[in-house]
Amino acid sequence: MTVADEAEKYGLHRVGARPTLVNYLKQTWQRREFIYELAKARVQSQNQRNRLGMVWIVIKPTFNALVYGFVFGILQGGARGVDYPVYIVIGVFLFTFFSDSMTGGAKSITGNSALVQSLAFPRLSLPVAQVTQNVLTLVPMLAVMFIYALILGTSPKWSWFGIIPILAVFTVFNLGVALVCARITVHVRDFSNVLPMIGRVLFYTSGVLFSADRLLSHWPWMIAIFDVHPIYQTLQLARGFIMDHAEYDPQAWWVISGWALFMLVAGLLFFWKAEERYGRAN
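Definitions and cut-offs
Residues numbered from 1 in each chain as written. Predicted model: local features only at pLDDT ≥ 70, side-chain atom pairs only at ≥ 80, totals over all residues. Heavy atoms only, no water. Axes fitted to C-alpha atoms, helices over the stretch in contact; angles between N-to-C directions. Helix = DSSP H or I, 4+ residues; strand = E, 2+ residues; numbered from the N terminus. Parallel < 35°, antiparallel > 145°, perpendicular 65-115°, else oblique. Left-handed = near helix turned anticlockwise from the far one by under 90°. Contact = heavy atoms within 4.5 Å. Nonpolar A, V, L, I, M, F, W, Y, C, P; charged D, E, K, R; others polar. Polar contact = N/O pair within 3.5 Å; in protein donor to acceptor, adjacent residues only side chain to side chain. Buried < 20%, exposed > 50% of the residue type's maximum accessible area, 1.4 Å probe, protein only. Core = buried A, V, L, I, M, F, W, Y, C linked by side-chain atoms within 4.5 Å. Salt bridge = Lys/Arg side-chain N within 4 Å of Asp/Glu carboxyl O.

Right, let's get into the packing of helix α3 (residues 32–45) against helix α7 (residues 125–151). At a minimum axis separation of 8 Å, α3 and α7 run at an interaxial angle of 50°. For the element pair α3 / α7, the angle class is oblique. Where α3 crosses over α7, the two elements pack in a sense that is right-handed. Of the residues in α7, those in contact with Phe 34, Ile 35, Tyr 36, Leu 38, Ala 39, Lys 40, Arg 42 and Val 43 of α3 are Ser 125, Leu 126, Val 128, Ala 129, Gln 130, Thr 132, Gln 133, Leu 136 and Thr 137. Each residue belonging to the contact of α3 with α7 can be placed in one class, and the counts come to 10 nonpolar, five polar and two charged.

Following this line, the structure appears as structure tokens:
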């Protein structure tokens, strides 16, 4: 009988061994309080050394909306459509949620190397905590976003509550993206340097600043691409629920839900497969 057989006989397991996927998810769920407290602590410590503290959470996307809205509003001219300031505010604020989840998720393992190498726990907890942190950060951003919408002339209506299921689906999508980026960064550290460029490309090509139907009306094949673009459809759906003169395609629900489910499953399996490698020193 080998040592491995003897260990299995007495229920002994190799330290750091990857559990089954079901047990992995159970272990992560058992640490849900740790995940939430970690996320909350990071939100509280965010920008604490700055004079304005947590106010920077809404100042940054506000400045981005002002700058990009002014520049691209001029460049697009009549193609920008009505209520363009509200259009930009919604796009910038919600895209910030995605961008922070992607970049923060990428650093969730490599940025916590001491914790990962010293304690035994499902590493899935760290990217989940990062996305949870971004959700907590998003709450005051949403409040400010709706205030801006009112100031800019948008009428309050019951459809505003539709943002809740939209963000629920968007959060699932962002978690899947965070899991993929987290594992890639562990294997290829240079990926963290490329990620800001990827984020910038997505910012300019995801409809944050323009409507594909208006700007690309002469290229139907490009509009067809945006019809299945998860970020673009999420933004358009949110605008349809919030803005007075915006329309949305109900099929967008199927698009964003399908992408969210695919990214979550793919990201979870991709991340779980490398569980044993996260605690090793590189």
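Another aspect to go through is the environment of Arg 42. Within the element layout of this structure, Arg 42 appears in helix α3. Taking the C-alpha atoms as reference, Arg 42 lies 9.5 Å from Ala 129; in sequence the two are 87 residues apart. Those residues within four positions of Arg 42 in sequence are excluded, and the remaining contacts are Asn 112, Gln 130 and Gln 133. There is a polar contact of 2.8 Å between the side chain of Arg 42 and the side chain of Asn 112.

This next bit is on the side chain of Ser 125. Note that Ser 125 resides in helix α7. A residue is classified by how much of its surface remains accessible, and Ser 125, at 0% relative accessible area, is buried. Of the polar contacts made by the side chain of Ser 125, one reaches the backbone oxygen of Pro 122; its length is 3.0 Å. When near neighbours in sequence (up to four residues on either side) are disregarded, Ser 125 contacts Thr 28, Arg 31, Phe 34 and Ile 35.

With 47 residues, the main nonpolar core has Ile 90, Leu 94, Phe 98, Met 145 and Phe 173 as its most contacted residues. Put simply, the parts of the chain that give this core at least two residues each are α5 (84–106), α7, α8 (163–187), α9 (191–205), α12 (230–242) and α13 (252–273). Residue contributions to this core peak at 14 residues, all from α5. With residues near it in sequence (within four places) discarded, Leu 94 still touches Leu 142, Ile 163, Leu 167, Phe 170, Leu 235 and Ala 238. The next biggest cluster of nonpolar side chains, apart from the first, holds 20 residues, and it includes Ile 35, Leu 124, Val 186 and Trp 272.

Tallying each qualifying case throughout the model produces two salt bridges. Between Lys 40 and Glu 37 there is a salt bridge, and its shortest N-O distance comes to 3.6 Å. Residue Lys 40 and its partner Glu 37 are both found in helix α3; the two are separated by three residues, about one turn of the helix. Classification of Lys 40 as partly exposed rests on a relative accessible area of 29%. Between Asp 244 and Lys 157 there is a salt bridge whose closest N-O contact spans 2.9 Å. In this pair, Asp 244 is assigned in the loop between α12 and α13 and Lys 157 in the loop between α7 and α8, connecting sequence segments 87 residues apart. Residue Lys 157 is classed as partly exposed on the basis of its relative accessible area, which comes to 30%.

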